[in-house]
Number of protein chains: 2
Amino acid sequence: MKVAKFGGSSMATATQLQKVGNIIQEDPARKIIVVSAPGKRTPDDVKITDLLIQLGEAYINGESYEQCYERVIDRFREITEELSLDITLLEDIEQTIKSVIGQDTSSISKLDALKSIGEDSSAKILSAYLCSIGLAASYINPKDAGIIVSNDPGNAQILDDSFARIYNLREKVGILVIPGFFGYTEQGELMTFSRGGSDITGSIVAAGVKATLYENFTDVDSVYAVNPTIVANPKEIRTLTYKEMRELSYAGFSVFHDEALIPAFKEQIPVCIKNTNKPHLPGTNIVAEKKQDEKCVVGIASDTGFSSLYVSKYLMNREIGFGRKLLNILEDEGVSFEHAPSGIDDMSVIIRDSKLTKEKEANITKRIYDELHPDTIIMHRDLAMIMVVGEGLVSTVGVAQKATTALASANVNIEMINQGSSEVSMMFGIKAEDLNRSVESLYHVFFD
Amino acid sequence: MKVAKFGGSSMATATQLQKVGNIIQEDPARKIIVVSAPGKRTPDDVKITDLLIQLGEAYINGESYEQCYERVIDRFREITEELSLDITLLEDIEQTIKSVIGQDTSSISKLDALKSIGEDSSAKILSAYLCSIGLAASYINPKDAGIIVSNDPGNAQILDDSFARIYNLREKVGILVIPGFFGYTEQGELMTFSRGGSDITGSIVAAGVKATLYENFTDVDSVYAVNPTIVANPKEIRTLTYKEMRELSYAGFSVFHDEALIPAFKEQIPVCIKNTNKPHLPGTNIVAEKKQDEKCVVGIASDTGFSSLYVSKYLMNREIGFGRKLLNILEDEGVSFEHAPSGIDDMSVIIRDSKLTKEKEANITKRIYDELHPDTIIMHRDLAMIMVVGEGLVSTVGVAQKATTALASANVNIEMINQGSSEVSMMFGIKAEDLNRSVESLYHVFFD
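Thresholds, definitions, all that
- Residues numbered from 1 in each chain as written.
- Chains lettered and ligands numbered in written order.
- Predicted model: local features only at pLDDT ≥ 70, side-chain atom pairs only at ≥ 80, totals over all residues.
- Heavy atoms only, no water.
- UniProt positions renumbered as here; feature names shortened; annotations may be inferred.
- Helix = DSSP H or I, 4+ residues; strand = E, 2+ residues; numbered from the N terminus.
- Contact = heavy atoms within 4.5 Å.
- Areas by Shrake-Rupley, 256 points an atom, 1.4 Å probe, with all protein chains shown as cover.
- Lys, Arg positive; Asp, Glu negative; His and termini not counted.
- Charge placed at Lys NZ, Arg CZ, Asp CG, Glu CD.
- Least-squares fit on C-alpha atoms with pLDDT ≥ 70 in both.
- Pairing = 2+ DSSP bridges.
- Axes fitted to C-alpha atoms, helices over the stretch in contact; angles between N-to-C directions.
- Buried < 20%, exposed > 50% of the residue type's maximum accessible area, 1.4 Å probe, protein only.
- Polar contact = N/O pair within 3.5 Å; in protein donor to acceptor, adjacent residues only side chain to side chain.
- Buried area = accessible area lost by both parts, 1.4 Å probe.
- Salt bridge = Lys/Arg side-chain N within 4 Å of Asp/Glu carboxyl O.
- Nonpolar A, V, L, I, M, F, W, Y, C, P; charged D, E, K, R; others polar.
- Phe/Tyr/Trp six-rings, centres within 6.5 Å; stacked < 30°, edge-to-face > 60°.
- Domains from an automatic or database assignment.
- Expected span 1.5 Å × (residues − 1).

By the naming in an unreviewed UniProt entry, chain A goes by Aspartokinase and is assigned to Oceanobacillus picturae. Note on chain A: under the UniProt heading Sequence similarities (unreviewed entry), the record states "Belongs to the aspartokinase family."

Here it is, written out as structure tokens:
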């Protein structure tokens, strides 16, 4: 039994839904389908979920929301009419939106319920369409699927009990179409996951039913070895391990958020990323373990927006607890750090700029001065991080040489190297302005 | 005004003392002399301080100590007779030893007082000898010099008040000879520094009198760019910064313990390491700042005896406080760490084996499992660390490339790289068995 998840671009138009229907029809093992809300039809289009959020916010602020409402209905009408689906389906969607707006609930609950309508309607439409082409399909509400979550609107977490309930879906007959992005609390209240939550639903369901494969259909052919906006036409990655995927996702790989895959990873469900528009391409497989490749580097990820807090103090390494106290100050200020390389008398803490407000930075600096009496504190800004990722990297002679040679030949000064903490990656810190030529040079050294 | 410190080998024989006399005579700025106890005359000789410790331990254990006593007196007699010094000097030394043995003090105090007699007698002999060759020299007891220390026998720490008192030595006329290795508490009790404490005295006095130079006379021509037992006839280092010296000392450079230099460093006193036997050689200068060299690497230090505690946990980097808690556990067990590189889901903590008993290791491992619930804990053993050291290293393109190329060409797998925490060094972790060929290869790349 496979779980197939279709993203927003796969659900955006009737034509796309027909492709989805073909894909489902082709493989009888595709028994459980999880869907996103209809996405953009063209690059400057608006996703239905965004329209629903606008609608909800307008209503809450007492503004006119009718135009938004009409745009949502128009989008669904376009799809249902083109697929010749029964008019009652569209009426049902209209009724659902009106009923949510009319409910006597908190603004937060109302917004969460409205946001979920995109996925919910998508699932209803797909199941109706599958029936219309002769497949035995049915819509399953997440409550009935067993997706029980914490009471945390917009950031719901799956509860462990869910998986056993979801397992029961195996008993159901026919193809089951489940809307992604939301679940219900034990008390029956609807809660959405964080944005991109259809991937989370797909992964949860795949784990719950112990699928043989979790297929994630998107609009890209595969995961690439490097960011295609930096290197044109980069190599595709055929097979990745979970660990490799996680290291790559961390620094700028945007195929999907790696945290979404946690439930699947925990159950060791293999994941396949495929393109709805070219379903016969092999895509990228993400697996728990793979045979060691001769070329151990599978990908190069990169991201900007980092700063480094450098603290030096003569004889720091004689001072038991210095590093711990420094990290404690960050923790008190709610600032998580990415890496904290330390030397004899020096320590650097790499922080994402997004985690560091001016106020937090001032507090942290003041506390370090007052409590740790360092000789120097310097904040280095505009750093970029590059991850060279691959299983076996740590035990292969010469990888660091190749990487540093690539950076030197691009005339890039390496601000930071962190190798050895992770078994599957090597991290380089450089100035953000050097990023593109660093990544290009590294790509050519490892993939040409 | 210069402070010159002469080590044990410079004080071991009459011939050596004559060389010391010449050195002092040659430069009238050499006004304050700090001396060690007479060291070994030949490789299998015994240092006088070790004889004094034997003597003290024999006395404390109620064993016969007379033979030890005779050996000590013989050593001093050999020197004083050869230098034709007055017999009352030797009688004074004999009297001092007897008086310490006879004192009604604790064993610890007695041992500390006995240990100090080597340096104390050395200073008396040198000052008498300098007078005999026509120099106006006088012996100054550390108490009179103003060296006031904490009550911590064998590990006394200088008190801040001392420096102002020592400054008054500038007013004294003639050459002052001060025994190294000990000071006195405010209550007047004698306390020794840790072993090698004459370097500490020299550095304290140089800082106190605000010397223009602190000369440290030993039996080596200079500090070498690499350990001479690994690479034959390595290059000499002409000029080092304090920071470079500290990084080199950390990992196996044994010219002297860098902590001894702290007082001099704090006052920015330049330090010169010279050879008593070849005083006209330039030696090695250690300074606060130096002009940036084109070749930024000044030395390669290395040491064995490290282990790495590897901890991995899926989504570690989302868990605020993980690193801090891990370091906290080490701190609770009194284990200081050297480096703690961290990745996304992994963290390694490098610990000196000498700091980690079996029991501490078991406690730490258990607590990490119980409190942090990691996926994996692995202790990697038999690691060696190599430091490539040089000011400007962090801002020079290609240093990492050269270093990693050297290691790859020696077919060495790099377990760990830590660059960027320190501004003057780059650290490599490798297997201890690969150490010598790694260091050789690095030396040839940077110095040939």
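Having put the structure on the table, let's press on.
### Details of the overall build of chain A
What chain A contains, in helices and strands, is 15 helices and 17 strands. On the principal axes, the C-alpha backbone points of chain A span a range of 75 × 50 × 40 Å. Considering only contacts within chain A whose residues lie at least 6 apart along the sequence, 74% involve residues at least 24 apart. Approximately 17,500 Å² of chain A is accessible, and the part contributed by carbon and sulfur atoms is 47%. Averaging the positions of the 45 positive and the 63 negative side-chain charges in chain A gives two centres separated by 3 Å.

### A word on the relation of the copies chain A and chain B
With an RMSD of 0.2 Å, the operation that places chain A on chain B is a rotation of 179 degrees combined with a shift of 0.1 Å along the axis. Both copies of the chain, as the preceding transformation shows, are related through a two-fold rotation axis.

### Some remarks on the sheet that holds strand β14 (residues 346–352) of chain A
Judged by pairing direction, the sheet is antiparallel, and its 10 strands sit side by side in the order β14(A)-β13(A)-β15(A)-β17(A)-β16(A)-β16(B)-β17(B)-β15(B)-β13(B)-β14(B) without closing on themselves. The strands lining the two open edges of the sheet, one partner per strand, are β14 of chain A together with β14 (346–352) of chain B. Strand-to-strand, the axes of this sheet are offset by a mean angle of 30 degrees, without reference to chain direction. Here strand β13 (residues 299–312) of chain B runs beside strand β15 (residues 376–389) of chain B; their pairing, made up of 12 bridges, is antiparallel. Note that in β15(B) the partner of B:Val311 across the bridge is B:Ile377. Sitting on the sheet, helix α12 (residues 322–332) of chain B touches β13 and β14 of chain B, and the angle it makes with β14(B) is about 25 degrees.

### Things to note about the UniProt feature "domain: ACT" (unreviewed entry) in chain A
UniProt's feature table lists "domain: ACT" (unreviewed entry) at residues 388–448 of chain A, given in the numbering used throughout. Between the end C-alpha atoms of residues 388–448 of chain A there is a gap of 15 Å, over a span that is 39% helix and 21% strand.

### Focus: the side chain of B:Glu215
Residues and elements named next belong to chain B. In this structure, Glu 215 sits in strand β7 (residues 213–218). The buried category is assigned to Glu 215, whose relative accessible area is 2%. For Glu 215, the side chain forms a polar contact with the side chain of Arg 30, separated by 2.6 Å. Among all residues touching Glu 215, those that are not within four sequence positions of it are Lys 2, Val 3, Ala 4, Lys 5, Arg 30, Cys 272 and Lys 274.

### Thoughts on the interface of chain A and chain B
Between chain A and chain B, the contact holds 61 residues from the first and 59 residues from the second. With both sides pooled, the region where chain A packs onto chain B buries about 5,200 Å², and carbon together with sulfur makes up 53% of that total. Between chain A and chain B we count four salt bridges in total. A salt bridge links A:Arg324 to B:Glu331; the shortest N-O distance between them is 2.6 Å. Our count for the chain A to chain B interface comes out at 16 residue pairs in polar contact (both at pLDDT 80 or more). Sorting the residues of the side of chain A that touches chain B by element identifies α10 (242–250), α11 (262–266), α12 (322–332), β14, β15 (376–389), α14 (399–409) and β16 (416–419) of chain A as the ones contributing at least two each. Residue classes in the side of chain A that touches chain B are distributed as 23 nonpolar, 25 polar and 13 charged. Here β16(A) runs beside strand β16 (residues 416–419) of chain B; their pairing, made up of three bridges, is antiparallel. When the bridges of β16(B) are listed, A:Gln419 appears paired with B:Ile417.

### Overview of the pairing of strand β7 (residues 213–218) of chain A
All names here are of chain A. Burial within β7 is extensive, with six of its six residues counted as buried. Burial along β7 is two-sided: Leu 213, Glu 215 and Phe 217 facing one way and Tyr 214, Asn 216 and Thr 218 facing the other are all buried. Looking at chain direction, β7 and strand β11 (residues 271–275) are connected through five bridges and run parallel. Its bridge partner lying in β11, Glu 215 is registered against Cys 272.

### A closer look at the sheet that holds strand β10 (residues 239–241) of chain B
All names here are of chain B. Across the sheet, which stays open at both edges, the eight strands sit in the order β3-β4-β2-β1-β7-β11-β12-β10 with mixed pairing between neighbours. In the strand order of this sheet, the two ends are held by β3 (137–139) and β10, each with one partner. Neighbour to neighbour, the strand axes of the sheet diverge by 20 degrees on average, direction disregarded. As defined by bridge partners, strand β1 (residues 2–6) adjoins β7 across five bridges and the pair is classed as parallel. Residue pairing across strands places Lys 2 opposite Leu 213, the latter belonging to β7. Across the face of the sheet, helix α10 (residues 242–250) comes into contact with β10 and β12 (284–287) while running at roughly 85 degrees to β10.

### Things to note about the pattern of salt bridges
Taken as a whole, this structure holds 48 salt bridges over all chains when the rule is applied. Here A:Asp221 makes a salt bridge to A:Lys278, at a shortest N to O gap of 3.3 Å. With a gap of 57 residues between them, A:Asp221 in the loop between β7 and β8 (223–224) and A:Lys278 in the loop between β11 and β12 (284–287) connect regions that are remote in the sequence. What makes A:Asp221 buried here is its relative accessible area of 14%. When the shortest N-O distance is used, the salt bridge between B:Asp370 and B:Lys366 registers 2.6 Å. Highlighted residues: B:Asp370 and B:Lys366, both in helix α13 (residues 358–372), separated by four residues, approximately one helical turn.

### Considering the packing of aromatic side chains
This structure, assessed with the given rule, holds 11 aromatic pairs over all chains. Between A:Tyr59 and A:Tyr65 the ring centres are 5.5 Å apart and the planes differ by 70 degrees, which places this aromatic pair in the edge-to-face class. On the basis of relative accessible area, A:Tyr59 is assigned to the partly exposed category, the value being 32%. Classification of A:Tyr65 as partly exposed rests on a relative accessible area of 22%. Relative to B:Phe265, the ring of B:Tyr242 lies with its centre 3.8 Å away and its plane at 25 degrees, an arrangement referred to as stacked. With B:Tyr242 in helix α10 and B:Phe265 in helix α11 (residues 262–266), this pair connects stretches of sequence that are 23 residues apart. We classify B:Phe265 as buried; its relative accessible area is 6%. One aromatic cluster in this structure is built from A:Tyr314, B:Tyr242 and B:Phe265.

### Let's talk about the domain arrangement of chain A
Residue and element names in this part refer to chain A. By the assigned domains, chain A splits into domain 1 (2–287) and domain 2 (299–447). Of the residues lining the interface, 17 residues belong to domain 1; the matching set on domain 2 comes to 22 residues. Summed over both partners, the interface of domain 1 with domain 2 buries about 1,700 Å², with 62% contributed by carbon and sulfur atoms. Run the count over domain 1 and domain 2 and you get zero salt bridges.

### Brief notes about helix α6 (residues 117–132) of chain A
Residues and elements named next belong to chain A. Relative to the 22 Å expected for 16 residues at 1.5 Å per residue, α6 spans 22 Å between its end C-alpha atoms, a close match to the ideal helical length. Extensive coverage of α6 is indicated by the burial of 13 of its 16 residues. With its phi angle positive at about 95 degrees, Gly 134 sits one or two positions after the end of α6.

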